[in-house]
Every structure is written in structure tokens, then in C-alpha cells.
Amino acid sequence: MSSLWEIVVAGLVLGIVVYYSNLGKRPSIYCTKANHEHRLSRILASIESRPPGSKISLHRRTLQSNTIRNASHKNDPTYFPIDLSSFNHIIEIDTSAGFVTCEPSVSFGDLLRELLKMGMTTLVVPELPGITVGGAIAGGGLESSSHRHGQVSDTVLEIGCLAPELRVCSPEVDPDLFYAISASYNTCALMTKIKLKIAPAPKYVSLTATKYNNFLDAVEALQSASQDGRSDTIEGIAYSSNEILIVRGKHTVSARSPIRQFTRHWDKWYYKSIQTASQITVPYYDYCFRYNYGSFWMADYVLDMMGGDNIIIRFLIGAFLDTKHLFAVLHSGNLNDLGRMRIIQDCYVPADRAVDFLEAEDKDIGIYPLWLCPIKGTSTPQVLASHYSEKSESFINVGIYGRPRQFPFNPQQVHSRIIDLLLEYGGRSMLYAQTWHTPSQFEEMYGKALKHVKKVKNEVGGDDCFFGLYEKVALSGTEREELAKPMLGTEAQETRKVVVDIIKRRLGL
């Protein structure tokens, strides 16, 4: 045990040094149109030099990725990387016309910080500040304002992209390509410039939480709140099958109840704070990124290992439990360890089938807490997006983050059950997570959409230079075999092994 603590302490000391040495080193987030075009010209030149038959895909610095996939397609000999990580600037903010033009790698944390200086915000702000604007469009980002505004993609006015030639598309210009980009995971174009709607930002969000003791009443409350037009934000947290919190938010200019903050590393985490408070007021920036510390509730086990959740522990190590550090640590280790210990999936379910889905998840899997986020469906041809519906129906995003009731568990069996439930109830997976779908299951879930997008890619000349969606996101055979290896110890023992392994990797031991 002493060796474990020595490694933990060494890791914390190293982290503290790095953390404080980087304070105040924020480069300018703005660039001119000329600077953007100059950097873009170099990307275009690199694409022209790509070998015949190669497949264009983004090169991401792994430690910054918000996905939990191993990206095995990058081991393919045809992989031709395009590095757009430096495309992380704001080009223009026009408050009177209500738009911001930015590059795809700018994070929502940085973007919102600048917009708030002008009293503005985007209509949908994904809950993790490291999510990029391009990532939210390519991956299907949503948030608690999505019952009004849909996904981030529904607030986009124009996209500059490589398909593979440079193109500009919008709902009016080249609309087929514009909509095909949504939730395509960069398999039909690489975004280079994005124009988003913005609107005046509130100072606070006033939250009212109501508890329900069954899924039927909770889902009805979600739907009612989504339709009555009185709430600016709506979400649910199911702590168990008989304790479900529905949280309604209202934008305000003054505090209506006790003010709580969630962007200081010693703050009590949001999901725990709201569980015991029926009404609180949260500064807008804090509300937008309320799940940043702890990554919803996924880092609870770290607090448990360090002695429990209290202000002293959070003050000492909380700065390293935000999503930026957690993802960096996660990608320093073996993602398959995470896959054997936790299930992380976001599932879109038609609202009228959500109760059946939740009750089946409770019976067969039993992961809690669950995040519940209502979202307005779209009939625009975003055919790969999880909220696409020819009937424009509403959906509920069910965030499944945690371990099943039984431990250890068989990841393939659990993920397969989730996929079966989605197919049964007309839902879809978000594909930032591990994609366990068999080819036939993927075809059943996305087949019609994939044919449409393939046609679009053919029309713009990009079908032979991008990976296919399943080819890019699905687990490889080797990964499936690795994940099938059972864990042998208790959850605490296995967690300790994983944490020690990650720290050793970070320290180069």
C-alpha cells in the first residue's frame, strides 16, 4: 500500500507543478481572415500530395480527445492524417447580426468565455468545456437547451470544409453536403470554418428540481416541461429507478435563490448539490460546464480512493478531476481497461418509448446515475444525426455512465443488450463511445442514412478519400478479444491496478 501512495503523491506533485506553471499562458484566441486562409493554404497543399488510395482523417493529439475510442482506423496503411489542431481561433463575432465565425478546433470553454465578454452565447453549449465546435457538429453535441434548439448542428449557419476540395455549404448552398456533415464523424468532409448563431446570454440560470419515484412520471414531466415553453433548460438525473430528479432552468438577471458555483475545483459537484437542493441559482458559465469537475460522476471512484468526498479532498486534488485532466489520464492508459470497468454510452430514444427503454435498462443492466436530456427532433436531412426523424418527433438522450449492477461484467453482453434495446425501441447510439454494433446491427440502425451520405460523397468527389463510418468507429476484432478478458479481482482491487498503471505511464516509470 505504501508504494501505491508514493506513486499517487508523486503524480499529484507532478500535476501541481504542471498546473500552476501553465497558469496565465493563454495565447490569443483570435485570428484574422488572412491568417486563417494562409494556414488553410498549407492544408490544401498537403492534401494535393496525398498518395493515391489514401484515406483522409483528422490527426488528433490523443490526450486532448473527448472520445473513448481507440481509433484503430489510424493503424490502417491507407490513413492520411490532416492536422487541424491549430485551427482553434475565433475569426469574427458580430453581435448585431447574431453570429460567430470560428475554426473547428476552438473549444466551447474558450469560445463561451469570449462571447460572454460581449454578453452573448451560443444557443447550445455542450456541458464539457473541452468539446470543440467541430467535434460537437461532427459528433452530435447537445445540452439542456436542446429541447428548444436541437443539437449544435441545428444552430449552424454555414460551414467551410474540405470534401476533399475546399467548399462552402449552408442550408441554402450545397445543402446535401451541409446536412451530411452532421454526426458524420468527419467521414464525408473536414470542417475548416464554422458560422454559428449566437444570442444574448443570461447572467444566471435559476434551477428548480422536482423528485419523482418512477420513470413514467419522470418522463411525462420531462415532456411536459419541454412543451410548455416556460423552461430555458431541462434535464433529468436518475439516481435510481425510484429517485429521478427533473431540473428546470430559467434564465435570469438576478439571483432568485442561493448561488452555487461549479467551476472552482473545490466546489461540491453539481449532481450531488442538486440532489439535496430544490432551488438554486447558478452563474451562467458555471451552469454550462456544471459537469466538468468529476466528468458527470465518473471520477467518484478517485474521491473514494483518496478518503471520500469532502472539501479538503476536493481542494487538494479537485483541480485534476476536470475533464481535461481526466481525458488526458484516460488516454495515457489502456482504454480497454475503462471498457472492462465502466459502460459509457449516450442513447437517443424516441420520447414515447423512453419509459420502456429505461425500465429495461434498470432490469437488465442497472447503471446509475443516468442522465436524461430531452431534445427536439429534426426533419432536416441530417440523416446520420441521432435526433433525425422524418416525423420530427422528440427524443430523450439517456446518458449511461458507470458500471452495471454486477461486477465484474462482460462488456460485450452489456453493450449488445443496449444496442438490442435501441433497435427495439427505434433509438440510435452516439458513436464517440465504443461501438459494439455488428455490421448487421449497424446496417439496421444507419443503413438508409449511410446510402444517402455515400451518394452525397460521390457527388462531391469524396467517396474514395474518406473512411466509411463503420470502418472508422467500430471496435476492431483485436479490441473485442481484449475487452472480453475478464477482470479477476474486486472492483476496488481492479480500480487500484488501473490507477497505478496510469500514474506510472504518466511518470514514465
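Predicted model only: the values in this text are computed from it and were never measured.

Trainee: Which residues make up the pattern of salt bridges, and what are the values?
Mentor: Enumeration over the complete set of coordinates arrives at 22 salt bridges. Between D267 and R264 there is a salt bridge, and its shortest N-O distance comes to 2.8 Å. By relative accessible area, R264 is classed as partly exposed at 32%. A cluster of three or more residues bridged by salt bridges with shared partners is formed by K272, D300, D309 and R314.

Trainee: Please set out the pairing of strand β6 (residues 156-162) residue by residue, giving values where relevant.
Mentor: On a regular strand, one side chain projects to one face of the sheet and the next to the other, so that they alternate. The buried count for β6 comes to five of seven residues, which makes it a mostly enclosed element. Relative to strand β8 (residues 190-200), β6 runs antiparallel, the two being bridged by six bridges. For G160, the partnering residue across the bridge sits in β8 and is K193. Across four bridges, β6 lies against strand β7 (residues 166-169) in antiparallel orientation. Its bridge partner lying in β7, I159 is registered against C169. Counted along the chain from β6 to the antiparallel partner β7, the turn is three residues long.

Trainee: Can you explain the environment of G427? Please cite residues and give values.
Mentor: Here G427 shows up in the loop between α15 (411-425) and β16 (428-429). When its relative accessible area of 7% is taken as the criterion, G427 is described as buried. Considered as a pair, G427 and S386 are 41 residues apart in the sequence and their alpha carbons are 7.7 Å apart. What G427 contacts, discounting residues up to four positions off in sequence, is Y348, V349, P350, L422 and M445.

Trainee: Give a detailed account of helix α2 (residues 33-48), specifying residues and quantitative values.
Mentor: Compared with the 22 Å implied by 1.5 Å per residue over 16 residues, the 22 Å span of α2 between its first and last C-alpha is a close match. Every buried residue of α2 is listed here: H36, R39, L40, I43 and I47. Take α2 and look down its axis: the buried residues cluster within an arc of 105°, on one side only. In α2, those exposed residues whose orientation departs by more than 90 degrees from the buried face are A34, E37, R42 and E48. Looking at the buried side of α2, the elements it contacts are β1 (55-58), β2 (79-82), β3 (90-94), β6, β7 and β8.

Trainee: Account for the sheet that holds strand β14 (residues 370-375), with residues named and values stated.
Mentor: Sheet architecture is open: eight strands sit in the order β12-β9-β11-β10-β14-β15-β13-β16, paired in antiparallel fashion. Pairing within the sheet leaves two strands with one partner each, and these edge strands are β12 (279-283) and β16. Pairing of strand β9 (residues 204-212) with strand β11 (residues 243-252) involves nine bridges; the strand directions are antiparallel. Among the inter-strand pairings, S206 is bridged to a residue of β11, identified as K250. Lying over the sheet, helix α14 (residues 354-364) contacts β13 (343-350), β14 and β15 (395-402), oriented at roughly 15° with respect to β15.

What counts and what doesn't
Residues numbered from 1 in each chain as written. Predicted model: local features only at pLDDT ≥ 70, side-chain atom pairs only at ≥ 80, totals over all residues. Heavy atoms only, no water. Salt bridge = Lys/Arg side-chain N within 4 Å of Asp/Glu carboxyl O. Buried < 20%, exposed > 50% of the residue type's maximum accessible area, 1.4 Å probe, protein only. Helix = DSSP H or I, 4+ residues; strand = E, 2+ residues; numbered from the N terminus. Pairing = 2+ DSSP bridges. Contact = heavy atoms within 4.5 Å. Expected span 1.5 Å × (residues − 1). Arc of directions from axis to C-beta. Axes fitted to C-alpha atoms, helices over the stretch in contact; angles between N-to-C directions.

So far we have only geometry, and geometry alone does not tell us how the molecule works.
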